[in-house]
Amino acid sequence: MRIAIIGLGLIGGSIGLGLKRCNVEGLTCQVIGISRREETIQAAIDRGAIDEGTTDLKLGVKDADLVFICTPISLIIPTLKTIVPALKQGAIVTDVASTKGLIVAQAEKLTPKGCFFVGGHPMAGKEKVKLEAAEADLFKGATWVLTPTDNTDKNALETVAEYVALLGGKVMKMEPKLHDLVVAGISHMPLAVAAALVNTIAEAKEGQAEMKKTAASGFRDTTRVASGDPILGVDMFTTNKAAVLKMIVAFKASLSNLEKVIKDGNAERIKAELEKAKSLRDSIYG
Ligand code: NAP
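None of these values were measured; they are calculated from a predicted model.

Observations regarding the side chain of E273
Along the chain, the position of E273 falls in helix α12 (residues 267-285). Reaching out from E273, the side chain makes a polar contact with the side chain of N257 at a distance of 3.1 Å. Those residues in contact with E273 that lie beyond four places of it in its chain are N257, L258 and V261.

A few points about the packing of helix α7 (residues 176-202) against helix α11 (residues 241-264)
Relative to each other, α7 and α11 sit at 65 degrees, their axes nearing to 9 Å. When you trace α7 past α11, the crossing you get is right-handed. Contacts between α7 and α11 pair D180, L181, A184, G185, H188, M189 and V193 from the former with A243, V244, K246, M247, I248 and F251 from the latter.

A look at the site of the ligand
Contacts to the ligand come from 24 residues, most closely from L8, R36, T71, S98 and K130. The contact in question runs from an oxygen atom of the ligand to an N or O atom on the backbone of L8, over 2.8 Å. In the complex, 84% of the free accessible area of the ligand, which totals 890 Å², lies under the protein chains. For the shell around the ligand, the elements supplying multiple residues, two or more each, are α1 (10-24), α4 (73-83) and β7 (120-122). Of the residues in the shell around the ligand, the class split is 12 nonpolar, 8 polar and 4 charged.

Thoughts on the packing of aromatic side chains
This model, assessed by the stated rule, comprises 1 aromatic pair. With a centroid separation of 4.9 Å and 50 degrees between ring planes, the pair formed by F139 and W144 is classed as tilted. In this structure F139 comes out as buried when scored by relative accessible area, which is 1%.

The rules behind each value
- Within any chain, residue numbers begin from 1 and follow the written order of that chain's sequence.
- pLDDT decides what is reported in this predicted model: residues at 70 or higher carry local features, side-chain atom pairs at 80 or more are listed and counted, and totals for whole chains, interfaces and linings draw on all residues regardless.
- By convention in this description, side-chain values take in all heavy atoms of the structure and omit both hydrogens and water.
- The numbering of helices and of strands both runs from the N terminus, where a helix is a DSSP run of H or I of at least 4 residues and a strand a run of E of at least 2.
- N or O atoms within 3.5 Å of each other form a polar contact, as long as, within protein, one can give a hydrogen and the other can take it, and as long as residues adjacent in sequence are counted only when both atoms are side-chain atoms.
- Here, residues are in contact when the closest pair of their heavy atoms is within 4.5 Å.
- Here the axes come from fitting lines to C-alpha atoms, over the contacting stretch only for helices, and the angles between their N-to-C directions go from 0 to 180 degrees.
- Note: crossing handedness is left-handed where the near helix turns anticlockwise from the far helix by less than a right angle, and right-handed where it turns clockwise.
- Summary of the distance rule: residues count as near a molecule or strand when at least one heavy atom falls within 4 Å of that molecule or strand.
- Per-residue and other accessible areas were derived by the Shrake-Rupley procedure at a 1.4 Å probe size, with only the shown protein chains allowed to occlude residues.
- Under the scheme applied here, ten amino acids are nonpolar (Ala, Val, Leu, Ile, Met, Phe, Trp, Tyr, Cys and Pro), four are charged (Asp, Glu, Lys and Arg), and all others, including Gly, are polar.
- Ring geometry is summarised as follows: Phe, Tyr and Trp rings, the Trp one being its six-membered ring, pair when their centres sit within 6.5 Å, and such pairs are stacked at plane angles under 30 degrees, edge-to-face over 60 and tilted between the two.
- Throughout this description, buried means an accessible area under 20% of the type-specific maximum (1.4 Å probe, protein chains only), exposed means over 50%, and partly exposed covers the range between.

So, in structure tokens, the structure goes:
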């Protein structure tokens, strides 16, 4: 297998490191890295994440059997448009973007006959990005959502699933629209809420200096995701607008409900709200 990885950051670099480790364990695949900068390619070779690299997208994918597009979300489709004329017959393209509806719909239109597209999203990551943060074990035990549609080729889907499993990921299949609602709830809303909470303090007319000085672990844990790369956040909110807006409406209703019970001063009802939250959270994280 000749496997091309476009975008050698946290996710692309980790895929490369994982595949190269599989090579050591007996699988034989040639990994070609494609990046916009020579320094990144050299760094990826030095880290052992790729066998060879190029800054030329078309050249990089020319003979590839499988292509992982691991660029920022807003560049997935422009990248696909560029590589499409260079793909060989039978080539399978997958991506790792955190939103799927728009990407899968456009990718299916762009993918030429005889080539295949399978949408994907590894549910693994960390605040630190770029190649330096990449690790071979990033996907170990992590859910990796694949988002087939009625148009998805079954063999291509199974091939991508096999490579996800080789990287240690657990495949979960979900239609793109459901995926986007799910990530709006568990990933994009936490960012929206964390950012709104921090901004509430940023705009506080009274006590702001004292809040900043006294903020401890509760505030830090609740707002951790607000320290992520704002560019990734912009991409999430713009490419998953409908689902995020739907969840914001639901969140406002939930917050209003809490406001009401606090206003009423009914300890039993406040307790019931907090117990409902504790019970669901504990069922997820134990
Ligand atoms: P990253 O570490 O910042 O890597 C992004 C890669 O894209 C880098 O190789 C970078 O090149 C390249 N790139 C950035 N801007 C570019 C531009 N304008 N033109 C061409 N190339 C550009 O980001 P990442 O965390 O790996 O995220 C990549 C994808 O994975 C995104 O679609 C994201 O939604 C998805 N994802 C991320 C996470 C996460 O937790 N981070 C989790 C799941 C999925 P240089 O190295 O040359 O800068």
